[in-house]
Amino acid sequence: MTHELTASRLASASSNATASGGWWRDAVIYQVYVRSFADSDGDGIGDLRGVRERLPHLARLGVDAVWLTPFYVSPQADGGYDVADYRAVDPLFGDLSDADDLIRAAHALGLRVIVDVVPNHTSEQHAWFRAALAGEPGARDRYHFHPGRGPCGELPANDWESVFGGPAWSRTPDGAWYLHLFAPEQPDLNWENPEVAEEFSAVLRFWLDLGVDGFRVDVAHGMVKAPGLPDIGRGAQATLIGIEPLPFFDQDGVHAIHRSWRRLLDSYEVPRIGVAEAWAPTSERLALYVRPDELHQAFNFRFLNCPWDTTALRTVIDESLAATASVGAPTTWVLSNHDVVRHRTRYGSLARARAAALLMLALPGSAYVYQGEELGLPEVTDLPDDARRDPAFARSAGQDGLRDGCRVPIPWSGEEPPYDFGPAGSWLPQPAGWGGLSVAAQTGDPHSTLELYRAALELRRAMPGLGAPEAGLPGPGLPEAAGAAAGAEASESGMQWLPAPEGVLLFTRPGFACTLNTRPVPLEMPSPGRPVLSSAPVETDGRTVRLPPDSCTWWSL
């Protein structure tokens, strides 16, 4: 049985919105990397009009919201995350009217819109930084300018390294040093200066008044640095992010900023949301970003980085659910984004990628889908060096500089590049064999990854036991007492783990069960119920089931 047997049997779909009215608690949010989604004007770069024209695909897919990566005025030193004007659209992507049209069109389709905000740093071309370099009084106080060390100030102010490799400091012609945790073209803002906080409050209001439904906060853990900017005392610092405490990330002071933004978001008649891109060394530290008076969601990078192993997966799931439950927040789940190798390639096969997607969508909370993962796209690993645009690629350390491989424009139709991405070519070359992975090629194919995602999202809405954490509380299906008698263990969300063969995860939610076989061979076990969706054909006689290798199956109880 595969997914073609399920969607047609659904009589209706209903939202799993919680009683509190928090749509984000179980939302499936689709990430659009704007320059690689759809090109409307033939310059080879995706744009806002292209996104708007392709919104029906997202509505049919069944997602709840769209997150747009930066489209602001930018020199594009880091794909738009170096912002020169936070209130204007870069001509590469259109203009402000295109943004307005996109928001209105999305709302008409029932899709909410989340946009990126980049508060840790600006572009070197931002008016503030240009004023700082020109020596305008007080302008350097908006950034981290410091004298150098050494007899003549010839050494950086400390030993911090850029995430992209090399030192995190660059020297100006007058001998001062400025901090940039990313590229030199991205100077870090000084959030101890009240002008910075005032400016970003005004920026948020500008976009909220235009109608956006929330913000994804880039580097939400980075705006505050440890007092005195202490040395770290070791190299390869980028490898420590999210693993060990660092003086430039996850400082307690960032939470005052997020609390002020939560008050601003809540001041709107229809509350808007904030989503933290935050790296923290523990699940408990990450949960601080989603306390009731802070942001609504935080990306769960521990799940993204988890290996294909049942013990590791269960540990991450349990710890993630427990940490967010402790502050009353939903957990978020994500497998891919614009900064990491696509999970099909990370996991080593399309079979595992499909299974991981069903696992993610079965868990309590909210899920993020990165453009192209619904097509089963692999990472493009053979881009020529002269085609790469990632600023980390040319630097000696830090990130691996291979982010371009997950940013290749996605295929819509046709057998040859650019696969209807736009009227001309594409800013990154597309592989020759992607025709069969296009939206057009997969639509209507019951075995395709696209139809698997469509069926899963439809079921997620239709089955009351799926979605928000509250849906995991004991209810119809496997009774709580029966679960306990069977050796089940319940998480704080109410999700129950049941005993399963080695290499298999089995959990239940009201009226629902999920099995994940991580082994490369089929496994037999008692059937948990009636199969309604599977990432691979599953055989069952109603009493026992033969789980395919590297597969995930959803069951109705």
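Up top you'll find the structure we're talking about.
Residues numbered from 1 in each chain as written. Predicted model: local features only at pLDDT ≥ 70, side-chain atom pairs only at ≥ 80, totals over all residues. Heavy atoms only, no water.

Chemist: Account for the overall build of the chain, naming residues and giving values.
Modeler: Each helix and strand counted, the chain has 13 helices and 22 strands in total. Burial statistics for the chain: of 557 residues in total, 59% are counted as buried. Intrachain contacts of the chain at a sequence separation of at least 6 include 67% that bridge at least 24 residues. Surface summary for the chain: the accessible area is close to 20200 Å², and the carbon and sulfur share equals 53%. (Helix = DSSP H or I, 4+ residues; strand = E, 2+ residues; numbered from the N terminus. Buried < 20%, exposed > 50% of the residue type's maximum accessible area, 1.4 Å probe, protein only. Contact = heavy atoms within 4.5 Å. Areas by Shrake-Rupley, 256 points an atom, 1.4 Å probe, with all protein chains shown as cover.)

Chemist: Quick one: what's the story with the nonpolar core, residue by residue and with numbers?
Modeler: Proteins that are soluble and globular tend to have nonpolar side chains buried together. Counting residues in hydrophobic clusters, the biggest one holds 144 residues, and the most contacted among them are Leu68, Phe71, Phe303 and Trp554. Discounting chain neighbours no more than four positions away, the residues touching Leu68 are Val32, Val34, Val51, Leu102, Val113, Ile114, Val115 and Asp116. (Core = buried A, V, L, I, M, F, W, Y, C linked by side-chain atoms within 4.5 Å.)

Chemist: Explain the packing of aromatic side chains residue by residue, including any values.
Modeler: Scanning the entire structure with this criterion turns up 27 aromatic pairs. Aromatic side chains Trp191 and Phe200 sit 5.4 Å apart centroid to centroid with 35 degrees between the ring planes, which places their arrangement in the tilted category. Here Trp191 and Phe200 have matching classes, each one buried. Each ring, one from Phe512 and one from Trp554, has its centre 5.5 Å from the other, and the planes form 80 degrees; the classification is edge-to-face. In this pair, Phe512 is assigned in strand β17 (residues 512-517) and Trp554 in strand β22 (residues 551-556), connecting sequence segments 42 residues apart. An aromatic cluster is defined as three or more aromatic residues linked by ring pairs; in this entry it consists of Phe71, Tyr72, Tyr86, Trp191, Phe200, Phe206, Trp207 and Trp261. A cation over an aromatic ring shows up here: Arg35 above the ring of Trp427, its NZ or CZ 4.3 Å from the ring centre. Its end group placed over the ring of Trp412, Arg54 keeps NZ or CZ at 4.2 Å from the ring centre. (Phe/Tyr/Trp six-rings, centres within 6.5 Å; stacked < 30°, edge-to-face > 60°. Lys NZ or Arg CZ within 6 Å of the ring centre and 35° of its normal.)

Chemist: Please provide a residue-by-residue account of the side chain of His121, values included.
Modeler: By the secondary structure assignment, His121 is in the loop between β5 (112-117) and α3 (127-133). Reaching out from His121, the side chain makes a polar contact with the side chain of Gln186 at a distance of 3.4 Å. Once residues within four sequence positions are removed from consideration, His121 is found in contact with Tyr81, Tyr86, Phe182, Gln186, Pro187, Asp188, Leu189, Asp218 and Val219. (Polar contact = N/O pair within 3.5 Å; in protein donor to acceptor, adjacent residues only side chain to side chain.)

Chemist: Before we move on, can you summarise the layout of surface pockets with the specific residues and values?
Modeler: Space inside the second largest pocket adds up to approximately 230 Å³. Around the second largest pocket, the lining is made up of 16 residues, and of these His144, Asn190, Trp191, Glu192 and Lys225 lie nearest the centre. For the lining of the second largest pocket, a count of residues per class yields eight nonpolar, four polar and four charged. (1 Å grid on protein atoms, 1.4 Å probe; cavity = no way out; pocket = protein on both sides within 12 Å on 5 of 7 lines; lining within 4 Å. Points joined across faces, edges and corners; volume = space filled by probe spheres on them. Nonpolar A, V, L, I, M, F, W, Y, C, P; charged D, E, K, R; others polar.)

Chemist: Describe the packing of helix α1 (residues 48-61) against helix α12 (residues 449-462), listing the residues and the values that go with them.
Modeler: Packed helices, taken two at a time, are described by the angle between their axes plus the distance between the axes. At their nearest, the axes of α1 and α12 sit 8 Å apart, and the two run at 60 degrees to each other. The orientation of α1 with respect to α12, classified from their angle, is oblique. Listed contacts from α12 to His57, Arg60 and Leu61 of α1 are Leu450, Glu451, Tyr453, Arg454 and Leu457. When its residues are assigned to classes, the contact of α1 with α12 shows four nonpolar, one polar and three charged. (Axes fitted to C-alpha atoms, helices over the stretch in contact; angles between N-to-C directions. Parallel < 35°, antiparallel > 145°, perpendicular 65-115°, else oblique.)

Chemist: Tell me about empty space enclosed by the protein, and name the residues and values.
Modeler: Counting across every chain of the model gives five cavities of 30 Å³ or more. Taken as a whole, the largest cavity spans an internal volume of roughly 110 Å³. Contributing to the lining of the largest cavity are Ser283, Leu286, Ala287, Val290, Ala298, Asn300, Ser320, Ala323, Thr324, Pro330, Thr331 and Thr332. Secondary structure elements with two or more residues in the lining of the largest cavity: α6 (283-287) and α8 (310-325). Taken together, the residues of the lining of the largest cavity break down into six nonpolar, six polar and no charged.

Chemist: A description of the sheet that holds strand β21 (residues 544-547) should follow, citing residues and the corresponding values.
Modeler: Within a beta sheet, neighbouring strands are joined by backbone hydrogen bonds and run either parallel or antiparallel to one another. Taken in spatial order, the three strands make up an open sheet running β18-β21-β20, and their pairing is antiparallel. With partners counted over all chains shown, the strands left at the sheet margins are β18 (523-526) and β20 (539-540), one partner each. Direction of pairing for β20 relative to β21: antiparallel, over a ladder of two bridges. Within β21, the residue paired with Thr540 across the bridge is Val545. (Pairing = 2+ DSSP bridges.)

Chemist: Break down helix α2 (residues 96-108) for me, citing the residues and quoting the values.
Modeler: Taking 1.5 Å of rise per residue, 13 residues should cover 18 Å, and α2 covers 19 Å from first to last C-alpha, within 8% of that figure. Buried residues of α2: Asp98, Ala99, Asp100, Leu102, Ile103 and Ala106, and no others. On its buried face, α2 sits against α1, β2 (65-68), β4 (85-89), β5 and α4 (194-210). Note on α2: the residue one or two positions beyond its end, Gly110, has a positive phi of about 80 degrees. (Expected span 1.5 Å × (residues − 1).)

Chemist: Tell me about helix α5 (residues 254-266), and please be specific about residues and values.
Modeler: Relative to the 18 Å expected for 13 residues at 1.5 Å per residue, α5 spans 19 Å between its end C-alpha atoms, a close match to the ideal helical length. In this fold, the buried residues of α5 make contact with α4, β9 (214-217) and β10 (273-276).

Chemist: Account for unusual backbone geometry, naming residues and giving values.
Modeler: A negative phi angle is the norm for most residues apart from glycine, just as the trans form is the norm for most peptide bonds. The peptide bond linking Pro417 to Pro418 adopts the cis configuration, its omega dihedral lying at 10 degrees. Along the chain, Pro418 falls in the loop between β13 (366-370) and α11 (439-442). Phi at Leu229 takes a positive value of approximately 45 degrees, unusual for a residue other than glycine. Here Leu229 shows up in the loop between β9 and α5. When its relative accessible area of 14% is taken as the criterion, Leu229 is described as buried. Within the chain, Asp550 stands out as a residue other than glycine whose phi angle is a positive 45 degrees. Along the chain, Asp550 falls in the loop between β21 and β22. When its relative accessible area of 11% is taken as the criterion, Asp550 is described as buried.

Function cannot be inferred from these measures alone, as they are strictly geometric.
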